[in-house]
Structure formats: structure tokens, C-alpha cells
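As a plain string of letters, each chain reads:
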Amino acid sequence: MLKPIHLLPKKPDLKFIGKKRAFFIFSALLVAFSVGLFMTRSLNYGIDFQGGIMIEIRTPSPGNIGQMRSDLSALGLGEINIQEFGEVTDFLIRVQKQEGGEGAQQVAVEKVKATLPSNIEYRRTEFVGPQVSQELFRDGVLAVLFAIFGILAYIWFRFEWQFGLGAIIALTHDVVTTIGIFALTGLEFNLSTVAAILTIAGYSINDTVVVYDRVRENLRKYKTMPLPELLNNSINETLSRTVMTSVTTLLALGSLYVLGGEVIRGFSFGMIWGVLIGTYSSICLAVPLLLYLNVDRGTDTNTAPTAQEPAE
């Protein structure tokens, strides 16, 4: 009979709370480094945020997207993205904004048409101007901010304001460091990256809620247990679930990053980083922060006798 695989001991006793100062210093440096990179190097904004040319085409048979990307990249028009758009014969081509105004955009379109096979049907040709790209950027930022405030309201309603504040600090840490890693690597930052950040926010807060729920349960159960010990026990009791969830998610994201192609590489990379940093912040930031937020331990003394509490 096969024995189950355990990535961690059944009852781990890792001293996370005892290392809280090291975690806080590391996270502060990581955030400062991310902000510094963003201020000095900025991000490699994609066509969504910079503007450019969008061409929708239909091929008579399933097209060779690799060959099309190779042919168009040789034109020297800068960044070019090609992705399937609905059917296997439909493709969306994005070309970065050309210097020189509307005339330069028309020249770029003609170069693309001259390079692609003559039997291709051109269904739509559009130019994403600065106004549209600014609106997309604004909407992306608002989406992230609304998500953060919505999560704050949910955690506040579900737990207490102290838990909500701890979760938002950890979540902001995840978002800022994700932006920093994109500034460091120079990967394209576009609407799919914003989608990755929103997904990271949901994943991270899910991990945090699981640990917080155990913290709340133990706060009601063990009235006199020292808070550092209680928080550390809560982390260890949920650690196996957290690690297993993260590992299985990373396996899927790793396959997506390797096999998914260039179109979703930025999204999958952002998600991989987000799972790692979200797991770290849920354990090493969100919970230790409760030590400084004066959480309410409740007043019901009949929930559990103190004799059952573990020794310090």
C-alpha cells in the first residue's frame, strides 16, 4: 500500500513568530527596492498602455503563428504581439506605436500587409491612440485599488478591523513587489499583467483568511495562552494546507509558463511570483502584524478550560 507524501511533518513546530523582525526587515527592503526600481527604471508598458496598431486577420486555414511572428519581427517595427482571437484561423496582431504620427502608422500597416500572405482577410485595423491607452491604464489602476478596498471591507466584516489592516498591509506588499519584479525583469506590463495582479490579490487573501480563521478560533479557545505562542501554533496548524495548495498551483503555472507561449508568459510569470510572495506574506507578515494591532481575545470564559492549553 502506497504511503501518502508529506511535504511537511504532520505536526510542524516552526518558530515563525520568533523570526518576525527578520521577516519585517526583509519585506521592508523588498518594498523599498521595488519602489526604487519603479521610480528609476519604470515599467516596460505594452501596447495597451502605450498605444499602437491593432490588426485582426483571418487565414484560410489554421495559421502558423510562429512563422508569422518571425516574419513580422524582421520588419523592425518594434514590439509585435500575435495571438489567436477566437477561432484557430483568427489572429490579433498588435504593433507598437510608431514615431511620426498617423502617416507612420499607415506605413507600418502597409509593411505588415506586404509581409503576410496575400490570401489573408483583414477584418479590422485600428490605431490605439494615447487617449485610449491612458484610459486603459487608469482603469487598470482603479481595478486594483477597488479590489484592495473591497478586500479590506470583507475582512473587516468577517473578522475585525485589526485583521483587515494586517491583510491589507500584506496585500499591498504583494502588489508593490510584483510591480517591482516586472520593473527588474523588463517583462511587458499590459492588461493581462493587471489581471495577474488582481488574481494574485485573490489568491493571497485566500491564504490569509485561512490562517486568520484559525487564529480567531484559537483566540476564543485559549484565553490565557501568550499571543506569540498562539499565533505561531495557528500558522503551524494551517501550514501543510498552505504549502500543498501553493505547490500544486505552482506546478500548473510552471507548465503554463513553459508551454503557454509568449502571449501569456508575462501573465504566468506574474502569477508564479504572486503565489510565492503571497504565501510568504500570509505566513510571515499578516499574522505577526497582529501582535502590534491589539486583537480582541473575546470575553467568553466558558469556551474551553485553560487546563487544556499547551505549555509555553
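Note: the structure precedes this text.
Computed from a prediction, not measured in an experiment: that's the story for all the values here.

Draft legend 1. Up close: the overall build of the protein chain. Along the protein chain, the regular secondary structure elements total 9 helices and 6 strands. In the protein chain, which comprises 312 residues, the proportion classed as buried is 42%. Within the protein chain, contacts between residues separated by at least 24 positions form 78% of all contacts whose residues are at least 6 apart in sequence.

Draft legend 2. Geometry of the packing of aromatic side chains. Taken as a whole, this structure holds 7 aromatic pairs when the rule is applied. A ring pair is formed by F23 and Y280, whose centres lie 6.1 Å apart and whose planes are at 80 degrees; its orientation type is edge-to-face. Pair noted here: F23 is in helix α1 (residues 20-41) and Y280 is in helix α9 (residues 265-286), with a separation of 257 residues, a long-range link. Following the ring pairs from residue to residue traces out a cluster consisting of F182, F189, Y257 and F269. Stacked on the ring of Y122, the Lys or Arg K113 has its end atom at 5.2 Å from the ring centre. Looking at R265, its charged tip hangs above the ring of Y257, at a distance of 5.1 Å from the centre.

What counts as what
Residues numbered from 1 in each chain as written. Predicted model: local features only at pLDDT ≥ 70, side-chain atom pairs only at ≥ 80, totals over all residues. Heavy atoms only, no water. Helix = DSSP H or I, 4+ residues; strand = E, 2+ residues; numbered from the N terminus. Buried < 20%, exposed > 50% of the residue type's maximum accessible area, 1.4 Å probe, protein only. Contact = heavy atoms within 4.5 Å. Phe/Tyr/Trp six-rings, centres within 6.5 Å; stacked < 30°, edge-to-face > 60°. Lys NZ or Arg CZ within 6 Å of the ring centre and 35° of its normal.

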